[in-house]
Amino acid sequence: MDIQTATLLIVGFTFVIYIGIAIWSRAGSTNEFYVAGGGIHPVANGMATAADWMSAASFISMAGLISFLGYDGGVYLMGWTGGYVLLALCLAPYLRKFGKFTVPDFIGDRYYSQTARTVAVVCAIFVSFTYVAGQMRGVGVVFSRFLEVDITTGVVIGMGVVFFYAVLGGMKGITYTQVAQYCVLIFAYLVPAIFISIMMTGHVIPQLGFGAEMNDGSGTYLLDKLDGLSQELGFTAYTDGSKSTIDVFFITAALMLGTAGLPHVIVRFFTVPKVRDARSSAGWALVFIAILYTTAPALASFARVNMINTINGPEAQGTLYEEAPSWVSNWEKTGLITWEDKNADGRMFYAGDERNEMKIDRDIMVLANPEIAQLPIWVIALVAAGGIAAALSTSAGLLLVISTSVSHDLLKRNLMPNISDRQELFYARVAAAVGICVAGYLGINPPGFVAQVVAFAFGLAASSFFPAIILGIFSKRMNKEGAIAGMLSGITFTAAYIIYFKFINPAANVPDNWLLGISPEGIGTLGMLINFIVAIIVSKVTTATPDSVQELVESIRHPKGAGGAAAH
Amino acid sequence: MAFESKEKAAAYWRANIRLMLSLLAVWFVVSYGFGILLVDWLDQVRFFGFKLGFWFSQQGSIFTFVVLIFVYVARMNKLDRDFGVQEDDS
């Protein structure tokens, strides 16, 4: 059996499971469509949240990114997990007690203002669309590499599957499908990692192998070996960073605060039955995420040693091109590896200085890892299925936020308040369908800046939603004037900074020109601080919040009397 | 009114805030402290094959985050029961 047949079988099998679950759990009301009837068990919800959260980028790109960044890669590891502590302690239980469907619902009601609600809806839709475009692209890449169909066909197949279960099942279908997708993706991630850890260090658990001695009888620790190799080749030592401390600090904070402000993550905590379930569900989500996120840096270091040894050879003299393993030529065909024989000795050589002859794309590390480690073909097929599961689960969660924002926040709460539950459900499905088509179009014709836009999404979420929600819960005095002024100033500052350095004047995007040495990736943290300060000052000089809102804040601060999520 | 008195409500909220802030202090110290600000200093210490600061940045902080959330869950559930504001088991 060749790789293509194996991939087709495994991916096809997982699709049958997803569609089966969708038919079994289709939604009959807006309550089921938006928040799965509020009846999801916290552990299942944690698993679904983890699948929702871990996108194609986490699955395919993150280990590769860390493998090239070394210590600096820690910003992604801490940044994309630490936000869950904020969610569990400061947001999820209170928003669950509030008991509505969406983040704009909370902003609109807490700040008794349609303007605030509209600002929130626009932010939610924008953030979600930028994300989902990247996911569809991820589906396309996996299909084209492993099934050798072109990217467009890959995207269309992916759209079809998501369309089926998101439109039919809403949140209920999506949640149960995501549980299955989590199992597929974590299995697909761990199997190669465990194999490679055993090969290189003799440890079954990659997190232990990461800090263990090499299996080659030399008695050196893996990370010492990697530091030595990196320095010989003209890179910074793997365990040292090259970013400035303030920049690492601000990027980590922006990713954490952005995570805690992303609407498609927050909405997950509306789907559990009780406030205490919302608390523990965030914990379970982080357990399931941490399994992948603590494996990724181990995998990154294994892959790096493996790759350097394969290309440069055990004597670090370079490997003859004719003797190169087959994965080098396989990935050369996709253009993701290139070799230029600068010194004309017929040997490949990889280094961080002028001796370098290789260009290796970061994204191939996870996908090529099973081939580099010469694992059986079913493992390679499994990794393809895992990548697709990661991309599909995240797209579905995002599409739900888009459709809810349109049908519930925009139509029901703004433009057409008199529509019935059935009509609202119909509009939600139409919005999901339109959303999928737009996402698919963006996946096939990606704007050149999908990668940059991710930083944008986190920065915007951190500088807009996060302070507005925190102040809404922890300060009774915060009024609509303060919240709106804060959100607008935070978002405007962050957006202007990112747009200037990423789109208007990319040539100026160097540390010397940055404000306080903070890169555009980390500027959301400063935007958040501006939001907090502006909101507090404006609220001091404007009228107090009405008594009814003070009572609302009082009531979300303890769990007693939390009912199911309700529209009214 | 879920609480017996205004004082009880205020005491519950104070206890909640105190718990939250102390856990967030740990959250800050392991990630921003050990993983970023003090990383060079901690890197002088060996922890198995890791430099300690590097380990906190790529492994230790994440494990600590998981523990923090479950400590919070257990302590809050107890606090809810002590003040009689837990949810009814329906």
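Residues numbered from 1 in each chain as written. Chains lettered and ligands numbered in written order. Predicted model: local features only at pLDDT ≥ 70, side-chain atom pairs only at ≥ 80, totals over all residues. Heavy atoms only, no water.

Participant: Please set out the overall build of chain B residue by residue, giving values where relevant.
Facilitator: What chain B contains, in helices and strands, is 3 helices and 2 strands. Its helices and strands in sequence order give chain B the pattern α-α-β-β-α, from N to C terminus. Rg of the C-alpha trace for chain B: 18 Å, well past the compact-globule value of 12 Å for 90 residues, more than 25% over. The principal-axis extent of the C-alpha atoms belonging to chain B is close to 55 × 25 × 10 Å. Classification of the 90 residues of chain B by burial places 53% in the buried group. In chain B, of all internal contacts separated by at least 6 residues, the share reaching a separation of at least 24 is 56%. (Helix = DSSP H or I, 4+ residues; strand = E, 2+ residues; numbered from the N terminus. Rg over C-alpha atoms; globule rule 2.2 N^0.38 Å. Buried < 20%, exposed > 50% of the residue type's maximum accessible area, 1.4 Å probe, protein only. Contact = heavy atoms within 4.5 Å.)

Participant: For the pattern of salt bridges, give the residues involved together with the corresponding values.
Facilitator: Tallied over the full model, the rule gives 7 salt bridges over all chains. Between D52 of chain A and R268 of chain A there is a salt bridge, and its shortest N-O distance comes to 2.9 Å. A residue pair is termed long-range when its members are at least 10 positions apart, and D52 of chain A in helix α3 (residues 42-53) and R268 of chain A in the loop between α12 (263-266) and α13 (275-312) qualify at 216 residues. When its relative accessible area of 1% is taken as the criterion, R268 of chain A is described as buried. Of the charged contacts, one joins K51 of chain B and D240 of chain A as a salt bridge, the two residues approaching to 3.3 Å between their closest N and O atoms. Taken together, the residues K51 of chain B in strand β2 (residues 50-51) and D240 of chain A in the loop between α10 (222-232) and α11 (245-261) connect one chain to another. Residue classification places K51 of chain B among the buried residues on the basis of a relative accessible area of 18%. In the salt-bridge network here, residues are joined through shared partners; they are D105, D109 and R117 of chain A. (Salt bridge = Lys/Arg side-chain N within 4 Å of Asp/Glu carboxyl O.)

Participant: Account for a nonpolar patch on the surface, with residues named and values stated.
Facilitator: Taken together, F28, V29, L37, L38 and W41 of chain B make up a surface patch of nonpolar side chains, about 480 Å² in accessible area. Following the sequence through the fold, L38 of chain B ends up in the loop between α1 (6-37) and α2 (39-42). (Patch = residues over 30% accessible without salt bridge, like charges linked within 9 Å, V, L, I, M, F, W, Y side chains within 5 Å. Areas by Shrake-Rupley, 256 points an atom, 1.4 Å probe, with all protein chains shown as cover.)

Participant: Describe the packing of aromatic side chains, naming the residues involved and giving the relevant values.
Facilitator: A full pass over the atoms with the stated rule returns 28 aromatic pairs over all chains. An angle of 70° between the planes, with centres 6.1 Å apart, marks the rings of W53 of chain A and Y84 of chain A as edge-to-face. Here the residue W53 of chain A occupies a position in helix α3, and Y84 of chain A occupies one in helix α5 (residues 74-98), the gap between them amounting to 31 residues. Each member of the pair, W53 of chain A as well as Y84 of chain A, is classed as buried. Measuring from centroid to centroid gives 5.1 Å for F28 of chain B and Y32 of chain B, while their planes differ by 20°, and the two rings are stacked. Pair noted here: F28 of chain B and Y32 of chain B are both in helix α1, with a separation of 4 residues, about one helical turn. Here a set of aromatic residues connected by ring pairs shows up, and it is made of W53, Y76, W80, Y84 and F458 of chain A. The side chain of R304 of chain A reaches across the aromatic face of F68 of chain A, ending 5.3 Å from its centre. (Phe/Tyr/Trp six-rings, centres within 6.5 Å; stacked < 30°, edge-to-face > 60°. Lys NZ or Arg CZ within 6 Å of the ring centre and 35° of its normal.)

Participant: Go over the side chain of N312 of chain A with me, naming the residues and quoting the values.
Facilitator: Residues and elements named next belong to chain A. Along the polypeptide, N312 turns up in helix α13. Polar contacts involving the side chain of N312 include one to the main-chain amide nitrogen of Y350, which spans 2.8 Å. The residues contacting N312, other than those within four sequence positions of it, are L233, Q317, G318, T319, M348, F349 and Y350. (Polar contact = N/O pair within 3.5 Å; in protein donor to acceptor, adjacent residues only side chain to side chain.)

Participant: I'd love a proper account of the packing of α5 of chain A against helix α22 (residues 547-556) of chain A, names of residues and values included.
Facilitator: Residue and element names in this part refer to chain A. Interaxial distance between α5 and α22 falls to 8 Å at its minimum, and their mutual angle equals 120°. In terms of orientation, α5 lies oblique with respect to α22. Of the two possible hands of crossing, α5 and α22 adopt the one that is right-handed. Seen from α5, the contacting residues are Y94, K97 and F98; seen from α22, they are L552, S555 and I556. (Axes fitted to C-alpha atoms, helices over the stretch in contact; angles between N-to-C directions. Parallel < 35°, antiparallel > 145°, perpendicular 65-115°, else oblique. Left-handed = near helix turned anticlockwise from the far one by under 90°.)

Participant: Which residues make up the environment of Y182 of chain A, and what values go with them?
Facilitator: Examined against the element boundaries, Y182 of chain A turns out to sit in helix α8 (residues 151-201). Apart from residues no more than four positions distant in its own chain, Y182 of chain A is found in contact with M47, A50, A51, M54, F288 and I291 of chain A.

Participant: Can you break down unusual backbone geometry residue by residue, with the values?
Facilitator: All names here are of chain A. Here Y112, not a glycine, exhibits a phi torsion of approximately 35°, which is positive. By secondary structure assignment, the location of Y112 is in the loop between α6 (103-110) and α7 (114-146). Residue Y112 is classed as partly exposed on the basis of its relative accessible area, which comes to 27%.

Participant: Explain the interface of chain B and chain A to me, and be specific about the residues and the numbers.
Facilitator: Each partner contributes to the interface: chain B provides 47 residues, whereas chain A provides 54 residues. Between chain B and chain A, the buried area comes to about 4400 Å², and carbon and sulfur atoms account for 68% of it. The interface formed by chain B and chain A holds 2 salt bridges in total. Here chain B is connected to chain A by 9 residue pairs in polar contact (both at pLDDT 80 or more). Mapped onto the side of chain B that touches chain A, the elements with two or more residues apiece are α1, β2 and α3 (52-82) of chain B. For the side of chain B that touches chain A, the per-class residue count stands at 28 nonpolar, 12 polar and 7 charged. (Buried area = accessible area lost by both parts, 1.4 Å probe. Nonpolar A, V, L, I, M, F, W, Y, C, P; charged D, E, K, R; others polar.)

Participant: How would you explain α11 of chain A if you had to name every residue and give the values?
Facilitator: Helix length check: α11 of chain A (17 residues) gives 24 Å between terminal C-alpha atoms against 24 Å at 1.5 Å per residue, within 8%. Most of α11 of chain A sits out of view: 15 of its 17 residues are buried. (Expected span 1.5 Å × (residues − 1).)

Participant: Please provide a residue-by-residue account of the confidence of the model for chain B, values included.
Facilitator: On average, chain B scores 85 in pLDDT, and the residues at 70 or more come to 96%. Note on the complex model: pTM 0.87, ipTM 0.92. (pLDDT = per-residue confidence, 0-100.)

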